[in-house]
Amino acid sequence: MAREYTARFPDWSTDLPLEKALLTAFAELVQTGGGAGPVAGGGSGRGGGTAPVADVGSGPGGLTARLHALGLPVFGVDVSPRMVALAREAYPGLRFHVGSMTALDLPPASLSGLTALYSTIHVPDEALPGVFAEFHRVLLPGAPALLAFQTSSSPDRTDHLHLSERFGHEIDLDYWFRPVNTIAGLLEEAGLRVWARVEREPEGEETRGRGYVVARKEG
Ligand SMILES: C[S@@+](CC[C@H](N)C(=O)[O-])C[C@H]1O[C@@H](n2cnc3c(N)ncnc32)[C@H](O)[C@@H]1O
C-alpha cells in the first residue's frame with residue numbers, strides 16, 4: 001500500500017502549526033543545542049561536516065525533506081523497500097536506506113539527532129526498550145530525538161489495532177497507540193533525558209490525539 005499511503009500523506013506537517021513548530025524546535029536543538037552550544041562531537045561527523053541526522057521510519061520522505069529544508073544533514077531509514085524506493089523517486093537529492101530501527105546499521109555516537117515520526121507505533125511493546133536502546137547508542141552525547149505518534153484513548157493504557165486491509169490491499173499491519181508518559185518513561189529508562197512532552201487533541205479527520213516527545217542523550 002506504499003504508493004497509496006504516499007499519495008494520501010505526502011507531508012503531514014504542511015498545515016499543522018504545532019508540528020511545524022516542533023520540527024523547527026528540533027532543528028534548532030541540533031544546530032545550537034538550545035543555547036547550550038551545538039551537540040558535542042557534532043562537528044566531527046562523516047565528511048568533516050556536522051554529524052548526520054537520521055529520520056527513522058521515513059516512509060514517503062516528505063518529513064525527511066522538510067528537515068533537510070530546515071538545514072539538517074538528514075537521511076531516511078525505513079524497513080519497507082517500497083517506501084524507500086518511493087522516497088528516493090520523490091526526493092532524488094536525499095539519501096534513503098532500507099533498515100530497521102530494531103538494529104540500526106550505524107556506528108555508536110554517530111548522529112547529531114534522530115526523528116521517529118509515526119513509526120514507533122508499529123513496534124510491539126516487547127521490542128520498544130530495545131529500539132530506544134538503539135536510539136541511545138547511535139546518538140552523540142547531548143543529541144536530541146523527536147518522536148511523534150498517535151496516542152491511546154486513555155492515559156492508562158496502550159491501544160492495539162490490527163489491520164488486514166487498507167487502500168484495497170490485503171495487509172498484515174499492527175499499531176500500538178501509547179500514552180505520552182509511557183513513551184517518555186521508556187526513553188528515560190534508555191538513558192535519554194526528556195526535554196519536552198507535548199500532547200494535542202485530534203483535529204479534522206483525525207480520530208486520535210497526537211503525542212510528541214523530545215529527549216536528549218545524557219552527556
Ligand atoms: C505511518 S508511516 C510514517 C512515515 C513518515 N515518518 C511520516 O510521518 O510521514 C510509518 C513508517 O514506519 C516504517 N516502519 C515500521 N516499522 C519500522 C522499523 N522497525 N524500522 C524502520 N521503519 C519502520 C513503515 O515502513 C512506514 O514507512
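Presented here is an overview of the structure given in this document. (Residues numbered from 1 in each chain as written. Predicted model: local features only at pLDDT ≥ 70, side-chain atom pairs only at ≥ 80, totals over all residues. Heavy atoms only, no water.)

**A few points about the pairing of strand β4 (residues 113-117)**
Here β4 lies mainly inside the structure; five of its five residues are buried. Alternating positions in β4 separate into two faces, Gly113, Thr115 and Leu117 on one and Leu114 and Ala116 on the other, with burial throughout. Here three bridges tie strand β1 (residues 53-56) to β4, and the two strands are oriented parallel to one another. Counterpart to aspartate 55 in the pairing with β4 is threonine 115. In this sheet, strand β5 (residues 144-150) lies alongside β4 in parallel orientation, the contact comprising four bridges. Within β5, the residue paired with leucine 117 across the bridge is alanine 148. Crossover β4 to β5 through helix α5 (residues 128-138) is right-handed. (Buried < 20%, exposed > 50% of the residue type's maximum accessible area, 1.4 Å probe, protein only. Helix = DSSP H or I, 4+ residues; strand = E, 2+ residues; numbered from the N terminus. Pairing = 2+ DSSP bridges. Right-handed = clockwise from strand over helix to strand, strands pointing away.)

**What about the packing of helix α2 (residues 17-32) against helix α3 (residues 62-69)?**
Look at α2 against α3: their axes get within 10 Å of each other, and the N-to-C directions meet at 55 degrees. Overall, the two elements α2 and α3 adopt an arrangement that is oblique. Viewed along their axes, α2 and α3 form a crossing whose handedness is right-handed. Residue-level inspection shows Lys20, Leu23 and Phe26 of α2 in contact with α3, the latter providing Leu63, Arg66 and Leu67. Considered class by class, the residues forming the contact of α2 with α3 number four nonpolar, no polar and two charged. (Axes fitted to C-alpha atoms, helices over the stretch in contact; angles between N-to-C directions. Parallel < 35°, antiparallel > 145°, perpendicular 65-115°, else oblique. Left-handed = near helix turned anticlockwise from the far one by under 90°. Contact = heavy atoms within 4.5 Å. Nonpolar A, V, L, I, M, F, W, Y, C, P; charged D, E, K, R; others polar.)

**Let's talk about α3**
The complete set of buried residues in α3 reads Gly62, Leu63, Thr64, Ala65 and Leu67. In this structure, the buried side of α3 is in contact with α2, β1, β2 (74-78), β3 (96-98) and β4.

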